[in-house]
Amino acid sequence: QVQLVESGGGLVQPGGSLRLSCRTSRRIAGITAMGWYRQAPGQRRELVASITSGGRPDYVDSVKGRFTISNDNNTNAVHLQMNNLNPEDTAVYYCNADLGFGALNGYWGKGVQVTVST
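Residues numbered from 1 in each chain as written. Predicted model: local features only at pLDDT ≥ 70, side-chain atom pairs only at ≥ 80, totals over all residues. Heavy atoms only, no water.

Student: Before we move on, can you summarise the state of the cysteines with the specific residues and values?
Tutor: Under the counting rule described, the total for this entry stands at one disulfide. Between Cys22 and Cys95 runs a disulfide, and the two sulfur atoms are separated by 2.1 Å. Taking the torsion about the S-S bond as the criterion, the Cys22 to Cys95 disulfide, at about -85°, is left-handed. With Cys22 in strand β3 (residues 18-24) and Cys95 in strand β9 (residues 91-98), this residue pair connects regions lying 73 residues apart in the sequence. The same class applies to Cys22 and to Cys95, which are both buried. (Disulfide = S-S within 2.5 Å. Helix = DSSP H or I, 4+ residues; strand = E, 2+ residues; numbered from the N terminus. Buried < 20%, exposed > 50% of the residue type's maximum accessible area, 1.4 Å probe, protein only.)

Student: I'd love a proper account of the pattern of salt bridges, names of residues and values included.
Tutor: For the coordinates displayed, the defined rule picks out four salt bridges. For the salt bridge of Glu46 with Arg38, the shortest nitrogen-to-oxygen distance reads 2.7 Å. Relative accessible area serves as the criterion here: at 30%, Glu46 is assigned to the partly exposed category. The class of Arg38 is buried, set by a relative accessible area of 6%. Taken together, the shared-partner salt bridges connect Arg38, Glu46, Arg66 and Asp89 into one network. (Salt bridge = Lys/Arg side-chain N within 4 Å of Asp/Glu carboxyl O.)

Put into structure tokens, the structure is as follows:
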């Protein structure tokens, strides 16, 4: 069973930065895109950023200019550099690997907590 292992979450003050990383437990062929989703308490899970295997990124409007997603196809890794964080970014962040059948049908990590607070 493939696992996605996330790291890099934590507590940061407003305006601070965090870098999330996600790696697969073993090499996976056929990944078409990897992405980061987040879910705040009482909210639906939303796509934050995704990147295709070809390196094309996409972002939700609320993080454009602040977050940067990058990937490494050789290691099935994806990273999310988050700058200028604000309390609205507080959520559990989940890594996803899409095998071409939609993100919901792909692999998911267990999530890491990101808390932005004074």
